[in-house]
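One letter stands for each residue in the lines below.
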Amino acid sequence: MEIPIALIDALRHAKHIAVLTGAGVSAESGVPTFRDAQTGLWAKFNPQELATREAFARNPKMVWEWYAYRRELIARVEPNAGHYALAEMEQRAKNFTLITQNIDGLHERAGSKNIIELHGNIFRTKCFREDTRVSAWLATDEIPPRCPRCGSYMRPDVVWFGENLPRRALDQALRAAETCDVFFSIGTSGVVEPAASLPFNALRSGAMVIEVNPEETPLSDSATFCLRGAAGVALTQVIKALNSRL
Ligand code: OAD
């Protein structure tokens, strides 16, 4: 894949690089993207019917077990070349912000440091009633387990459909999009707000915006560059081109 020289020069001179990732960056690790048909056991369910407060209130056990199934799947996979390329890009950058919609924790496992988790993290748990994190609880056969403080059910610390994003995370993501010189939008279909607006905020603030996705998205026509391919391939090529233009 050909990486435009202007893209590499912009990266080399950038004061602040911001990156937004979606499920596509974890696809090459074997984690199904959100809009892939649900595989296997959960084929009959639509995630949008499972990842909601109403679904949890209706059937807390089923929702908890769906997340437990996804946690086990994700714990068995490894970060891929795309995750590692972003961690390397951060090492070389003056200032780097990684904003992710993913809840799989793979960026952190690949070595990324400055991560904003817009939609939470599947490996964290919080109290359904208090909405505060719980890091440990007594082993129990009850599913879902109960909050050691108030006795309410516990839930995954992830953003469900219809819920607001963590305010601080969103403010930090907006600020990064508005102050960066280069903005990557990687592996996201760009249909879920407010994350989908971030690359447009960056464009309005004068940043170079680069889309990395094998498919077209609503951002494609406005992006400065579109790297039409898998994140693991495209980002590895970007790092290689950066190294060859020392
Ligand atoms: P989607 O499943 O909507 O989109 C995944 C995108 O990744 C698509 O545009 C694919 O073309 C692209 N893609 C697939 N394989 C790729 C690869 N190897 N490299 C690069 N791109 C690839 O997932 P998201 O856009 O992340 O929200 O979905 C955004 C949000 O919608 C999710 O965070 C979730 C969902 O509702 C919540 O859970 C709140």
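The coordinates are above.
Residues numbered from 1 in each chain as written. Predicted model: local features only at pLDDT ≥ 70, side-chain atom pairs only at ≥ 80, totals over all residues. Heavy atoms only, no water.

### Thoughts on the sheet that holds strand β8 (residues 225-227)
Applied cut-off: Being paired, for any two strands, means DSSP has found at least two bridges between them. Only DSSP runs of H or I reaching four residues or more are called helices, and only runs of E reaching two or more are called strands; each is numbered from the N terminus. Fitted lines through C-alpha atoms serve as axes, helices being fitted only where they are in contact, and the angles separating the N-to-C directions of these axes extend from 0 to 180 degrees.
Overall, parallel pairing links the 6 strands, which are arranged β3-β2-β1-β6-β7-β8 in an open sheet. Edge strands, defined here as strands with exactly one partner in the open sheet, are β3 (115-117) and β8. Strand-to-strand, the axes of this sheet are offset by a mean angle of 15 degrees, without reference to chain direction.

### Focus on the packing of helix α6 (residues 81-92) against helix α10 (residues 231-244)
The condition is simple: Here roughly perpendicular refers to angles of 65 to 115 degrees, roughly parallel to angles under 35, roughly antiparallel to angles over 145, and oblique to all remaining angles. It is the rotation of the near helix from the far one that decides the hand of a crossing: anticlockwise by less than a right angle makes it left-handed, clockwise makes it right-handed. By the convention used here, residues are in contact when the closest approach between their heavy atoms is within 4.5 Å. Under the grouping applied here, Gly and all other residues not named as nonpolar or charged are polar, the nonpolar ones being Ala, Val, Leu, Ile, Met, Phe, Trp, Tyr, Cys and Pro and the charged ones Asp, Glu, Lys and Arg.
Remark: α6 packs on α10, axes separated minimally by 7 Å, with the N-to-C direction vectors making an angle of 30 degrees. Judged by the inter-axis angle, α6 sits roughly parallel to α10. Note on packing geometry: the crossing formed by α6 with α10 is left-handed. Where α6 abuts α10, its residues A81, G82, A85, L86, E88, M89 and R92 lie against A231, G232, L235, T236, V238, I239, L242 and N243. By residue class, the composition of the contact of α6 with α10 is 9 nonpolar, 4 polar and 2 charged.

### With respect to the pairing of strand β2 (residues 96-100)
As a reminder of what qualifies: Throughout this description, buried means an accessible area under 20% of the type-specific maximum (1.4 Å probe, protein chains only), exposed means over 50%, and partly exposed covers the range between.
Burial runs high along β2: 5 of the 5 residues are buried. Judged by which residues are buried, β2 turns out to be covered on both faces: F96, L98 and T100 on one side and T97 and I99 on the other are all buried. Bridge analysis of strand β1 (residues 17-21) against β2 gives 5 bridges, and the strand direction is parallel. Considered in β2, the bridge of A18 is made with T97. Summarising the sheet, β2 and β3 pair through 3 bridges and their orientation is parallel. The residue of β3 that forms the bridge with I99 is I116.

### As for α10
The criterion, for reference: A helix is expected to reach a length of 1.5 Å times the quantity of its residues less one.
Here α10 is 14 residues long and its end C-alpha atoms lie 20 Å apart, about the 20 Å a rise of 1.5 Å per residue gives. Residues of α10 that are buried make contact with α1 (5-13), α2 (24-27), α6, β6 (182-186), β7 (208-212) and β8.

This is a description of form; function is not addressed.
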